[in-house]
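# Secondary and tertiary structure notes
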Amino acid sequence: MKQKMSRITAIVHRDLTESVISAFKKNGILYYHLEQGRYPVLAKRGVWFLDFYQNQSIIDTPVSIFEILCEEKSENFLLSLIRDSAELNVPGHGSVYSESINSVGETPIGYTFTSKEKREPIGFTGLTGIFCVLPRGSAEPIARLVLQNGIAVPTISFGTGTGLRDRLGLLRITIPKEKEILKLVVHSSDSEHVLDFMIEVGRLDLPGRGFIFEFPVGKGLLNTKVSLEGPKQAASMDQIISALDQLYGNMDWRKKSNQFRISTRHRNYFEGVNLVLNCKEEMMEFVTSALRKVGVTSSTISLNRLFHTGITDSVFTPAREVATVLIPKKNLTEVIEVLNEIHFFSSSFEGIAYTMEIPRAFSYQSKKSKSK
């Protein structure tokens, strides 16, 4: 059974984690997922007499990544709650944004948050998210260029990949299993240029380099702190940008489309559905193996924990595996049939599944697959 819902993603500095969790407990949010990650910022290094050789280095800031599923009518409540508990109006504290999703199968009572309290809409619209999977160690050069061009503040987390590597036999050692997941949110008018930029820098048009797709964002409040360099005036550039966002009431003035070089290279983008599968740890390998019989050969798997704030026992195991699977829309029905056949939504797996529309995606495509 499909049901339209919202997914709220909050990325906050690790020092603010307890403030957000405390707000969840006080406001009856029963379940939330938590994953650790980092967001890189620019910092200058060097000594004064070597200023000529100074380079901007990357400093990693630890972050906590929260995810909550809620009914659409509760979206404003959660966005406001997280903004206030983490003081997201301060540059460097983090970001929060919403996405529209379609649930697949039944979810236990209480897992999807709902609130009768109404809040004024907050956050900016006209945003697009970008999700990119790369071999481990490849995300930092892209993050550096994204920051230096003032495009966005990316978030980096870790995962493992299945797909081309599993089909290479002994040659698999040339492609590392460990992956880095780089996510950022940009102005929608910039998304195509940023996609092209990241494909070029990440060499995603080569086999085994990963994949990238964009996803629609409903509303968002975004981190503006791209550098650790201290202000020389009463306000830092990060604070000025944040103040201008509030003054204009949108981020349109920040769009950079006319600053990007227009690529003359034709990209063979494709559209599809992002299927997100969440189940007990150590069960996902069985699930992805079962999906191979309907042609689902690639996925990225990451780990997170599911926390429960109620006084009764949770119906879920805390340690979770999450698979991100990109499939053609026409194949979704048969993929769901396989999930039902293996009893993915039973207590054996404690499975949760939902989908998001993907308007534009890219990965290496062999000449054989292009000709189909």
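The preceding data block contains the structure.
Moving on: helix α5 (residues 237–248). For α5, which comprises 12 residues, the first-to-last C-alpha distance of 16 Å matches the rise-based estimate of 16 Å (1.5 Å per residue) to within 8%. Within the span of α5, buried status applies to Asp238, Ile241, Ser242 and Asp245. Projected down its long axis, α5 carries its buried residues within an arc of 100°, all on one side. Exposed side chains of α5 directed beyond 90 degrees from the buried face belong to Met237, Leu247 and Tyr248. A positive backbone phi angle near 75° is found at glycine 249, which sits one or two residues after α5.

We now examine empty space enclosed by the protein. What the rule picks out here adds up to three cavities of 30 Å³ or more. Empty space within the largest cavity amounts to approximately 350 Å³. Lining the largest cavity are 25 residues, with Arg7, Glu35, Glu67, Phe131 and Lys183 positioned closest to its centre. Its residues placed into classes, the lining of the largest cavity shows 12 nonpolar, eight polar and five charged. Counted as a void, the second largest cavity has a volume near 70 Å³. Lining of the second largest cavity is provided by Arg7, His33, Glu67, Ile68, Leu69, Tyr111, Val276, Asn278, Val322 and Tyr354. Of all the secondary structure elements, the ones that give two or more residues to the lining of the second largest cavity are β3 (55–70) and β10 (270–280). The biggest single contributor to the lining of the second largest cavity is β3, with three residues. Of the residues in the lining of the second largest cavity, the class split is six nonpolar, two polar and two charged.

The next subject is the pairing of strand β12 (residues 319–327). Counting buried positions along β12 yields eight of nine residues, so the element is predominantly enclosed. As judged from the eight bridges shared by β10 and β12, these two strands associate in the antiparallel manner. Bridging across to β12, valine 276 finds its partner in threonine 324. The sheet contact formed by strand β11 (residues 299–308) and β12 spans six bridges and is antiparallel. By the bridge assignment, arginine 305 is partnered in β12 with alanine 319.

What counts and how
Residues numbered from 1 in each chain as written. Predicted model: local features only at pLDDT ≥ 70, side-chain atom pairs only at ≥ 80, totals over all residues. Heavy atoms only, no water. Helix = DSSP H or I, 4+ residues; strand = E, 2+ residues; numbered from the N terminus. Expected span 1.5 Å × (residues − 1). Buried < 20%, exposed > 50% of the residue type's maximum accessible area, 1.4 Å probe, protein only. Arc of directions from axis to C-beta. 1 Å grid on protein atoms, 1.4 Å probe; cavity = no way out; pocket = protein on both sides within 12 Å on 5 of 7 lines; lining within 4 Å. Points joined across faces, edges and corners; volume = space filled by probe spheres on them. Nonpolar A, V, L, I, M, F, W, Y, C, P; charged D, E, K, R; others polar. Pairing = 2+ DSSP bridges.

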